[in-house]
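Survey of secondary and tertiary structure
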Amino acid sequence: MTGGTTLDDYTDRYAHRVSGMTASEIRALFAVANRPEVVSLAGGMPYISALPLDTVGSMIGELVASQGASALQYGLGQGMPELRERICELMADVGIDVGMGASPDDVVVTVGGQQALDLVARLFLDPGDVVLAEGPTYVGALGVFQAAQAQVVHVPMDEDGLIPAALSDALLEQQRLGKRVKFLYTIPTYQNPAGVTLTDSRREQVLDICERAGLLVIEDDPYGRLSFDGEAPLPLRARRREGVFYLSTFSKTFAPGLRVGWILAPHAVRDKLVMTTEANILCPSNFAQSVITAYLSTMPWREQLKAYQQIYAERRDAMLSALADLMPDGMSWTHPKGGLFVWATLPDGLDAKDMVPRAIAGRVAYVPGNGFYADGTGRQNMRLNFSYPTPERIREGVRRLAGVIEQEAAMRAVFNGEL
Ligand code: PMP
């Protein structure tokens, strides 16, 4: 121990990159949101009870009995070759096929989509670099980019997803400021948190803009297969061989507890990615990868996917009709065609962040929109989840929320001397 510092004071010892880190508001919220008397529309969890857990349990038992020696062993940094082949089959289903240059050799298996994001950040971001991202965007991506000390600049969306003209403007503005823009991070399909999907024509425009500017595209696609009203548009990576990194995960189509995702990277950077992941985690779990490989090989996973789609579609419908029936004037929301979330906008003058304690007192929880922006905007918005609560709970939650908003609007009116 040196000159007077005690070993229980760590603040001066933190690295710069973590000194600005604060606990996610969403995490703090979950603690209260999970109380049984609260209807939580705040989470983002898949409805795992829809899985045939007994059958999955037997499959895992057999796996350990027959292949335990390899499934419980260390593995390759890049991930198991057999799973990487299966991943390529899955990607071929959505148009990212051999013709588009997708090969098991260029897939890196990750610990969920989250580690794929972390790898991309480690590979490309220096402090001060700019990342363009939709506004709002995935809170876990914000955490990764902030940890890399990058600056996130948001590009606005509407019901058709990212607005191409706004992307061009943002690029020009960053160039004018002399900033180094490293990539566009986008969740084009059933976006988290906004629930919107980038249209076909905009996909082409966005890709053209990025191509012209020499900007890499990080396409995060955890939800593309969770479609309710017909197929999702072709992923960006199915439209361009070069310049697009494609990230996905088994968290939403099978189970997040296994923590398996992947990244399809351009061949030229594959080795760097593998070295980065080895330095980070040595290798992804052989056990989790073996479970997924067995699941894809021996169980009717397409049927399971349909079951998830049907359950979520029913819940999406329950949420949209409850919102239409119960919400006061001046409130608006998105109409997702897949995924897990609706993004709602409060009547003018109301603040979703300030309203959280009153909502919790009213026994309903949501995530205020500011958590999905790096710059603290989004306070008039909230994210509502429909994948986890039952349709009855969703309606009850929306009923409670509508009551809280009406009260809040009335209080504001009194405050403003309107009543
Ligand atoms: N990207 C997006 C857009 C997400 O919504 C999530 C999970 N909520 C992830 C990545 C990470 O998911 P996981 O690590 O479970 O694969």
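Cut-offs applied
Residues numbered from 1 in each chain as written. Predicted model: local features only at pLDDT ≥ 70, side-chain atom pairs only at ≥ 80, totals over all residues. Heavy atoms only, no water. Pairing = 2+ DSSP bridges. Helix = DSSP H or I, 4+ residues; strand = E, 2+ residues; numbered from the N terminus. Contact = heavy atoms within 4.5 Å. Axes fitted to C-alpha atoms, helices over the stretch in contact; angles between N-to-C directions. Core = buried A, V, L, I, M, F, W, Y, C linked by side-chain atoms within 4.5 Å. Buried < 20%, exposed > 50% of the residue type's maximum accessible area, 1.4 Å probe, protein only. Domains from an automatic or database assignment. Near = heavy atom within 4 Å. Polar contact = N/O pair within 3.5 Å; in protein donor to acceptor, adjacent residues only side chain to side chain. Areas by Shrake-Rupley, 256 points an atom, 1.4 Å probe, with all protein chains shown as cover. Parallel < 35°, antiparallel > 145°, perpendicular 65-115°, else oblique. Left-handed = near helix turned anticlockwise from the far one by under 90°. Lys, Arg positive; Asp, Glu negative; His and termini not counted. Salt bridge = Lys/Arg side-chain N within 4 Å of Asp/Glu carboxyl O. Buried area = accessible area lost by both parts, 1.4 Å probe.

This next bit is on the sheet that holds strand 3 (residues 130–135). What the eight strands build is an open sheet, ordered 2-9-8-7-6-3-4-5; its pairing is mixed. This sheet does not close on itself; its edge strands, each paired only once, are strand 2 (107–110) and strand 5 (161–162). Across six bridges, the pairing between strand 3 and strand 4 (residues 151–158) is parallel. Looking across to strand 4, one finds that E134 is bridged to V155. Across the face of the sheet, helix 4 (residues 81–93) comes into contact with strand 2, strand 8 (244–249) and strand 9 (261–264) while running at roughly 105° to strand 2. Helix 5 (residues 112–124) contacts strand 2, strand 6 (181–186), strand 7 (216–220), strand 8 and strand 9 of the sheet and is inclined by roughly 155° relative to strand 8.

Time to look at the nonpolar core. A general feature of soluble globular proteins is that nonpolar side chains tend to end up buried together. Core analysis: the largest hydrophobic core is formed by 83 residues, its most contacted members being F250, F254, M382 and L384. Here this core takes ten residues from helix 11 (residues 301–326), the largest share from any one element. Counting contributing residues, this core receives three or more from each of domain 1 (14–43 + 303–415) and domain 2 (70–298). The residues contacting F250, other than those within four sequence positions of it, are L83, I87, L90, A255, V260, G261, W262, I292 and L296. If you look at the next biggest cluster of nonpolar residues, it comprises 28 residues, including V144, I187, A265 and L273.

With respect to spatial proximity, 14 residues lie near the ligand, and among them G113, D220, Y223, T249 and S251 are the closest. The side chain of N192 places a nitrogen or oxygen atom 2.8 Å from an oxygen atom of the ligand. About the coverage of the ligand: the protein hides 91% of its 400 Å² of free accessible area. The element that contributes the greatest number of residues to the shell around the ligand is helix 5, accounting for three residues.

Turning our attention to the packing of helix 5 against helix 9 (residues 267–281). Where helix 5 meets helix 9, the closest approach of the two axes is 10 Å, and the angle between their N-to-C directions is 110°. One way to sum up the angle between helix 5 and helix 9 is to call them roughly perpendicular. When the axes of helix 5 and helix 9 are compared, the crossing they make is right-handed. Contact residues: helix 5 offers Q115, D118, L119, R122 and L123, while helix 9 offers V269, K272, L273, T276, T277, N280 and I281.

Consider a sheet: its strands pair through backbone hydrogen bonds, and that pairing is either parallel or antiparallel. Taken in spatial order, the four strands make up an open sheet running 10-11-14-13, and their pairing is antiparallel. With partners counted over all chains shown, the strands left at the sheet margins are strand 10 (332–333) and strand 13 (367–368), one partner each. Where strand 10 and strand 11 (residues 341–345) come together, two bridges link them in antiparallel fashion. Bridge pairing links S332 to T345 in strand 11.

On to the side chain of R84. The residue R84 is located in helix 4 in this model. Despite its burial, R84 pairs with no opposite charge; the closest candidate is D105, at 4.8 Å N-O. Apart from the residues within four sequence positions on either side, R84 is in contact with L76, Q78, G79, P104, D105, V107 and V109.

Within a regular strand, the side chains alternate between the two sheet faces. Burial of strand 11 is extensive: four of the five residues sit out of reach of the surface. In this structure, strand 11 lies alongside strand 14 (residues 381–385), joined through five bridges in antiparallel fashion. Each bridged residue has a counterpart across the sheet, and for F341 the counterpart in strand 14 is N385.

What follows deals with the domain arrangement of the protein chain. In terms of domain boundaries, the protein chain breaks down into domain 1 (14–43 + 303–415) and domain 2 (70–298). Measuring from the centre of the C-alpha atoms in domain 1 to the corresponding centre in domain 2 gives 26 Å. The interface of domain 1 with domain 2 comprises 29 residues on the first partner and 27 residues on the second. Buried surface at the junction of domain 1 and domain 2, summed over both partners, amounts to about 2,400 Å²; 61% is from carbon and sulfur atoms. Of all residues in domain 1, K337, F372 and A374 give up the largest surface area on contact with domain 2, accounting jointly for 21% of the area buried on that side. One can count one salt bridge joining domain 1 with domain 2.

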